[in-house]
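So you can see what is in the structure, the chains are spelled out below.
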Amino acid sequence: MKISTNIFSRLALVAIACTLIASTPINAAEVKTNPGGSDSTGAARLIVNRSANFGFDESINLFVDGTKVAVLGYDETYNAPLPTGKHVLFISTTPETFPEGAPKPLAITAEPGKTYTFTAFWPDPERSGLIEN
């Protein structure tokens, strides 16, 4: 009985640590913008919102051009500059809820000063995805 309590305590501690790490927001570098919303450096802006009904247990891993740029927890948003040119956006979930329903990558061509806003949602029960707002 003592061994199972010890194992359970350690597993609970690991779960709490993982939750704290996963819920730590990633703050994007701030860029001065004019009132029209365009970037003073000529870059575009990428905003990814998490839909209200995405779920409490999953976090969203946001990838731009194959690089993870953020982990979005409940009620979090990604808002950062995006270099102009062609990019591929992709999301996955943690935990990987439905591995057979892989999200589809989304290709965009960013133009200077333009803002691209997307929402992460569940287009069907087996796969998460991004929709442009």
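Description of the structure in this document. (Residues numbered from 1 in each chain as written. Predicted model: local features only at pLDDT ≥ 70, side-chain atom pairs only at ≥ 80, totals over all residues. Heavy atoms only, no water.)

Focus: the sheet that holds strand β4 (residues 77-82)
Taken in spatial order, the four strands of this open sheet run β4-β1-β7-β8, and their pairing is mixed. Each edge of the sheet is formed by a strand with only one pairing partner; in this case those strands are β4 and β8 (127-132). Direction aside, neighbouring strands of the sheet carry axes that sit 25° apart on average. In terms of strand pairing, strand β1 (residues 44-50) meets strand β7 (residues 115-124) through six bridges, oriented parallel. Paired with Arg45 across the strands is Thr115, a residue of β7. (Pairing = 2+ DSSP bridges. Helix = DSSP H or I, 4+ residues; strand = E, 2+ residues; numbered from the N terminus. Axes fitted to C-alpha atoms, helices over the stretch in contact; angles between N-to-C directions.)

Looking at the side chain of Glu76
Tracing the backbone shows Glu76 in the loop between β3 (67-72) and β4. Comment: no salt bridge for buried Glu76; closest opposite-charge side chain is Arg50, at 6.8 Å. Among the polar contacts listed, one links the side chain of Glu76 to the backbone nitrogen of Gly73, at a separation of 2.6 Å. (Buried < 20%, exposed > 50% of the residue type's maximum accessible area, 1.4 Å probe, protein only. Lys, Arg positive; Asp, Glu negative; His and termini not counted. Salt bridge = Lys/Arg side-chain N within 4 Å of Asp/Glu carboxyl O. Polar contact = N/O pair within 3.5 Å; in protein donor to acceptor, adjacent residues only side chain to side chain.)

Structural notes on the nonpolar core
By size, the foremost hydrophobic cluster in this structure holds 20 residues, and its most contacted members are Leu46, Val48, Tyr78 and Phe118. Among the secondary structure elements, those contributing two or more residues to this core are β1, β2 (59-64), β3, β4, β5 (85-94), β6 (106-110) and β7. Once residues lying within four places of it in the same chain are set aside, the contact partners of Tyr78 are Leu46, Ile47, Val48, Leu62, Val69, Ala70 and Leu72. (Core = buried A, V, L, I, M, F, W, Y, C linked by side-chain atoms within 4.5 Å. Contact = heavy atoms within 4.5 Å.)

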